[in-house]
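Spelled out, the chains give:
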Amino acid sequence: MAQAANADTPTGPFYVDAEAAEAFGRRLLVAHDLPKEDAAIVARCLVKADLRGVDTHGLQTLPHYLERVRRGLINPRPSLKVERVTPMVGALDGENAFGFVVATKGMAEAIEMAREFGVGIVSARRSTHFGAACNYALQAMDAGFIGIVFTNASRAMPPWGGREGLLGTSPIAVAAPAGHETPFDLDMSPAVAARGKIRRAARRGQPIPLGYALDAKGRQTTDPNAALDGGTVQPIGGPKGSALAMLMDVMGGVISGAAFAGDVRNHFEDYDAPQNVGHFIMAMRPDLFVSRDEYMKRMDTLVKRVHLNPTAEGFDEVIMPGERERRLEAQHRRTGVPFHAKEVAALQDAAAKAGLPPLPVSKAPLN
């Protein structure tokens, strides 16, 4: 039976029902002056990341967001309005609101433009960290559109050949519906590993694999604290990952009017000013060039051929981008979302400070 975890217990993992996790998040956010609708968006996005196995962007990060609200660095009650630049392009001043709310609003507007014109694009500025980028690409896909989402982020990675952090671990998310087969569902960073994985390793006292990061002197390290203390993460594919990170800065920061070129503030470390993150959000009808039925058939053909590709040594199947995450979501909806003891402790502490009930947890999978 679910119960409140002792914040001092060293064991784990603990399992939390997804709906209970969302309700817990909503209560905490409303207690910090968010409107109920916006609190629901943020909590849903955080728990969605946990369900998909992206726990570096999940509910355990909520205390960091709440601290930024308390310090006046995240605006809990923005008045967001997309200003149309052309009939199919809009600009959104995020007013330093939760990035989850800004991006959800931006994608909703992009979808409405795409319904009428085939394509809708929203560029957002003065936003904040928006968690897992997949949330907004999937928002478009669930409405029957192809969703494309770019964002920039705080400095964490050097340009290829450098050793000082300048570029962000800025994610790219694209989701495209299919007919009867698995849809295309990509959410990736141009870095070998997101800094959230390194912070998680530091929090849990675990090493990181070689290749994740350099220390402050530009040397490979397995020590997450050395990576976080003046170190940098590494790009995927060398110069290719570096170039993708620059592209995210162009599309997220340069064109939007947001911060760029290393000027985005660090969500976890900089508490002297708002972040000024920039996003690029696009929705597109999948039937612009062929009929919808033809599009669905063609996507299904692609997916079938991917799945039927002969496996290489060491593999027992070939899967689509996002397929692993979909399987994890189905599993976690049955068993509950797993949390480390220290993550549960931080969440229970946040609830206690707000005078709210604790997060109900179980020491065993729910099913």
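See the structure shown above.
Residues numbered from 1 in each chain as written. Predicted model: local features only at pLDDT ≥ 70, side-chain atom pairs only at ≥ 80, totals over all residues. Heavy atoms only, no water.

1. Let's talk about unusual backbone geometry
Okay, so step 1: Within the chain, Glu 95 stands out as a residue other than glycine whose phi angle is a positive 55 degrees.
Okay, so step 2: Inspection of the secondary structure assignment puts Glu 95 in the loop between strand E4 (89-93) and helix H4 (99-117).
Okay, so step 3: The phi angle at Arg 126 is positive, at roughly 50 degrees, despite the residue not being glycine.
Okay, so step 4: With respect to the helices and strands, the residue Arg 126 is situated in strand E5 (residues 119-127). (Helix = DSSP H or I, 4+ residues; strand = E, 2+ residues; numbered from the N terminus.)

2. Remarks on the sheet that holds strand E10 (residues 220-221)
Okay, so step 1: Read across the open sheet, the 3 strands follow the order E10-E9-E11; overall the sheet is antiparallel. Sheet topology places E10 and strand E11 (232-233) at the edges, where each strand pairs with a single neighbour.
Okay, so step 2: Summarising the sheet, strand E9 (residues 213-214) and E11 pair through 2 bridges and their orientation is antiparallel. Across the sheet, the residue bridging to Leu 214 is Thr 232, located in E11. (Pairing = 2+ DSSP bridges.)

3. Here we look at helix H2 (residues 36-51)
Okay, so step 1: Relative to the 22 Å expected for 16 residues at 1.5 Å per residue, H2 spans 22 Å between its end C-alpha atoms, a close match to the ideal helical length.
Okay, so step 2: Considered for burial, the residues of H2 that qualify are Asp 38, Ala 39, Ile 41, Val 42, Ala 43, Cys 45, Leu 46, Val 47, Ala 49, Asp 50 and Leu 51.
Okay, so step 3: The inward-facing, buried residues of H2 contact helix H1 (18-31), helix H3 (62-70), H4, helix H5 (134-142), helix H10 (323-335) and strand E13 (337-339).
Okay, so step 4: One or two positions beyond H2, positive phi appears at Gly 53, with a value near 85 degrees. (Expected span 1.5 Å × (residues − 1). Buried < 20%, exposed > 50% of the residue type's maximum accessible area, 1.4 Å probe, protein only. Contact = heavy atoms within 4.5 Å.)

4. Quick look at helix H8 (residues 239-254)
Okay, so step 1: All buried positions along H8 are accounted for by Gly 241, Ser 242, Ala 245, Met 248, Asp 249, Gly 252 and Gly 253. Projected down its long axis, H8 shows its buried positions confined to an angular sector of 115 degrees, all on one face.
Okay, so step 2: Where H8 is buried, its residues touch E5, strand E6 (146-151), strand E7 (172-176) and strand E12 (277-284). (Arc of directions from axis to C-beta.)

5. Brief notes about the nonpolar core
Burial of nonpolar side chains together is a common tendency in soluble globular proteins.
Okay, so step 1: Leu 29, Val 42, Leu 59, Leu 62, Phe 98, Phe 100 and Met 107 are the most contacted members of the largest nonpolar core, which has 63 residues in total.
Okay, so step 2: Every residue in contact with Leu 62, bar those within four places of it in the chain, is listed here: Gly 25, Leu 28, Leu 29, Leu 46 and Leu 347. (Core = buried A, V, L, I, M, F, W, Y, C linked by side-chain atoms within 4.5 Å.)

6. Some words on the packing of aromatic side chains
Okay, so step 1: As enumerated under the stated definition, the model contains 5 aromatic pairs in all.
Okay, so step 2: Taken together, the ring pairs in this structure connect Tyr 65, Phe 98 and Phe 100 into an aromatic cluster.
Okay, so step 3: Lying over the aromatic face of Tyr 271, Arg 68 brings its terminal NZ or CZ to 5.3 Å of the ring centre.
Okay, so step 4: The lysine or arginine in question, Arg 71, covers the ring of Tyr 271, its NZ or CZ lying 4.3 Å from the ring centre. (Phe/Tyr/Trp six-rings, centres within 6.5 Å; stacked < 30°, edge-to-face > 60°. Lys NZ or Arg CZ within 6 Å of the ring centre and 35° of its normal.)

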